[in-house]
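# Chains, contacts and geometry: an overview
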Amino acid sequence: MRVGLYPGTFDPVTLGHIDIIRRACGLVDKLVIGVAINRDKGPLFSLEERVAMIEQTCAELSRQTGVEIVAHPFENLLIDCARDVGAQIIVRGLRAVADFEYEYQMVGMNRVLDNSIETVFLMAEAQHQAIASKLVKEIARLGGDVSHFVTPEVNIALKERLK
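Residues numbered from 1 in each chain as written. Predicted model: local features only at pLDDT ≥ 70, side-chain atom pairs only at ≥ 80, totals over all residues. Heavy atoms only, no water.

Within the protein chain, the secondary structure is distributed over six helices and five strands. Taken from N to C terminus, the helices and strands of the protein chain fall in the order β-α-β-α-β-α-β-α-β-α-α. Across its three principal axes, the protein chain shows a C-alpha extent of roughly 45 × 35 × 30 Å. When the 163 residues of the protein chain are sorted by exposure, 47% land in the buried category. (Helix = DSSP H or I, 4+ residues; strand = E, 2+ residues; numbered from the N terminus. Buried < 20%, exposed > 50% of the residue type's maximum accessible area, 1.4 Å probe, protein only.)

Structure, rendered in structure tokens:
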């Protein structure tokens, strides 16, 4: 069984994330969405809320693709999380060159820690390349329309949280 790990904070999950998840399903039999606890980022949504958003968002996608998709909170090293869930690959989404520079460094470090786990980069589709959770939250905070960047359920959650 091929197991992949797609890590992130997913605060909130965006259509860009969903695009990467959908495409990663073509590479694995099971996809673990590693929801980083990362207290330093000061997430808008709690860990439980982010996990629930992932589960709700991915349920239909799992049915459509036949790939088991599970949310897995983690706070340890990414490579340790990959080992914990039995992942052979780590899936990373790229939007721009700046993403690649950071990700390239991470891959090098992870290869030293465990060279049996590969990292696969998936480029976001053109219509999703500008989407970043940080920007989505900022637009929503300022009263802007984020419906083009998130699912209707996430849009409602953002509106409720930022009232």
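The next thing to look at is unusual backbone geometry. The step from Asp-11 to Pro-12 runs through a cis peptide bond, and the omega angle for that step is 0°. Among the structural elements, Pro-12 can be located in the loop between β1 (3–8) and α1 (15–24). Although it is not a glycine, Phe-10 sits at a positive phi angle of roughly 50°. Secondary-structure assignment places Phe-10 in the loop between β1 and α1. Residue classification places Phe-10 among the buried residues on the basis of a relative accessible area of 2%.

To continue, consider the confidence of the model for the protein chain. Regions with low pLDDT should not have their predicted coordinates read in detail. Overall, the predicted model of the protein chain reaches an average pLDDT of 93, with 100% of residues at or above 70. Model confidence for the protein chain, summarised as mean pLDDT per element, is weakest for helix α4 (residues 97–113) at 88 and strongest for strand β3 (residues 68–74) at 98. (pLDDT = per-residue confidence, 0-100.)

All chains considered together, the criterion is met by 13 salt bridges. A salt bridge links Arg-22 to Asp-19, with the shortest nitrogen-to-oxygen separation between them at 2.7 Å. Within this pair, Arg-22 and its partner Asp-19 are both found in helix α1, separated by three residues, close to a single helical turn. Residue Arg-22 is classed as partly exposed on the basis of its relative accessible area of 40%. You can call Asp-19 buried: its relative accessible area is 4%. (Salt bridge = Lys/Arg side-chain N within 4 Å of Asp/Glu carboxyl O.)

We now examine the sheet that holds β3. Overall, parallel pairing links the five strands, which are arranged β3-β2-β1-β4-β5 in an open sheet. Looking at strand neighbours, the two that pair on one side only are β3 and β5 (118–123), the edges of this open sheet. Across the sheet, the mean angle separating the axes of adjacent strands is 30° when strand polarity is ignored. Sheet topology note: the β1/strand β4 (residues 89–94) ladder contains two bridges and is parallel. The partner of Gly-4 across the bridge, within β4, is Ile-89. (Pairing = 2+ DSSP bridges. Axes fitted to C-alpha atoms, helices over the stretch in contact; angles between N-to-C directions.)

It is worth spelling out the nonpolar core at this point. Of all hydrophobic cores here, the largest spans 34 residues; its most connected members are Leu-31, Ile-33, Ile-69 and Leu-158. Sorting the residues of this core by element identifies α1, β2 (30–36), α2 (47–65), β3, β4, α5 (133–141) and α6 (152–161) as the ones contributing at least two each. Looking at this core, the element that brings in the most residues is α2, giving six residues. Aside from chain neighbours lying at most four places away, what touches Leu-31 is Gly-4, Leu-5, Tyr-6, Ile-21, Ala-24, Cys-25, Val-67, Glu-68, Ile-69, Val-70 and Val-91. Leu-78, Val-85, Ala-87 and Ile-90 belong to the second largest nonpolar core, which has 14 residues in total. (Core = buried A, V, L, I, M, F, W, Y, C linked by side-chain atoms within 4.5 Å. Contact = heavy atoms within 4.5 Å.)

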